[in-house]
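# Chain and residue survey
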Amino acid sequence: MLPMIPGQTSDLVRQHALATLTATFMAQGHPTEYAKQMATAAIFQTDLELRNAQLTHLLGWLKQEHSELYSQALGHLESTREAFEQRLQSGS
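One structure accompanies this document, and this report is about it. (Residues numbered from 1 in each chain as written. Predicted model: local features only at pLDDT ≥ 70, side-chain atom pairs only at ≥ 80, totals over all residues. Heavy atoms only, no water.)

This paragraph deals with the layout of surface pockets. Reported here for the largest pocket is a volume of approximately 160 Å³. Around the largest pocket, the lining residues are S10, V13, R14, A17, I43, T46, D47 and L50. When contributions to the lining of the largest pocket are tallied by element, the ones reaching two or more residues are α1 (6–27) and α2 (32–65). Classifying every residue of the lining of the largest pocket gives 4 nonpolar, 2 polar and 2 charged. (1 Å grid on protein atoms, 1.4 Å probe; cavity = no way out; pocket = protein on both sides within 12 Å on 5 of 7 lines; lining within 4 Å. Points joined across faces, edges and corners; volume = space filled by probe spheres on them. Helix = DSSP H or I, 4+ residues; strand = E, 2+ residues; numbered from the N terminus. Nonpolar A, V, L, I, M, F, W, Y, C, P; charged D, E, K, R; others polar.)

In C-alpha cells form, the structure reads like this:
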C-alpha cells in the first residue's frame, strides 16, 4: 500500500462519508439527488464545526502560551473577516 499524503486521508474519509450518508438517506426513502444534497450539506456543516473548534482551540492555546501573539492573531482574524465581507459585497 502506498503512503498517503495528509490531504488524501481526509478526502477519502469525506468520500466514504458522502457515500454512506447518501445511502442512509436513500434507505430512508429520499430521492437519490436529494439524498446526495442532504449528505453534502451534513458533511459541509460538520467540516465547518470542526474548523471552528480547531480555531477556538488554537486561539485558546495562543492566549495561554503566547499571549504576546494572541492579540495579533485576533487582528489577523478580523482583517480576514473584513476582506471576506468586502469580496462578498463586491461580488468577487
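Between α2 and helix α3 (residues 67–90), the least distance of the axes is 6 Å, while the angle of their chain directions is 145°. The two elements α2 and α3 cross, and the hand of that crossing is left-handed. In contact with L55, L59, L62, K63 and E65 of α2, α3 contributes S67, L69, Y70, A73, L74 and L77. Across the contact of α2 with α3, the residue classes tally to 8 nonpolar, 1 polar and 2 charged. (Axes fitted to C-alpha atoms, helices over the stretch in contact; angles between N-to-C directions. Left-handed = near helix turned anticlockwise from the far one by under 90°. Contact = heavy atoms within 4.5 Å.)

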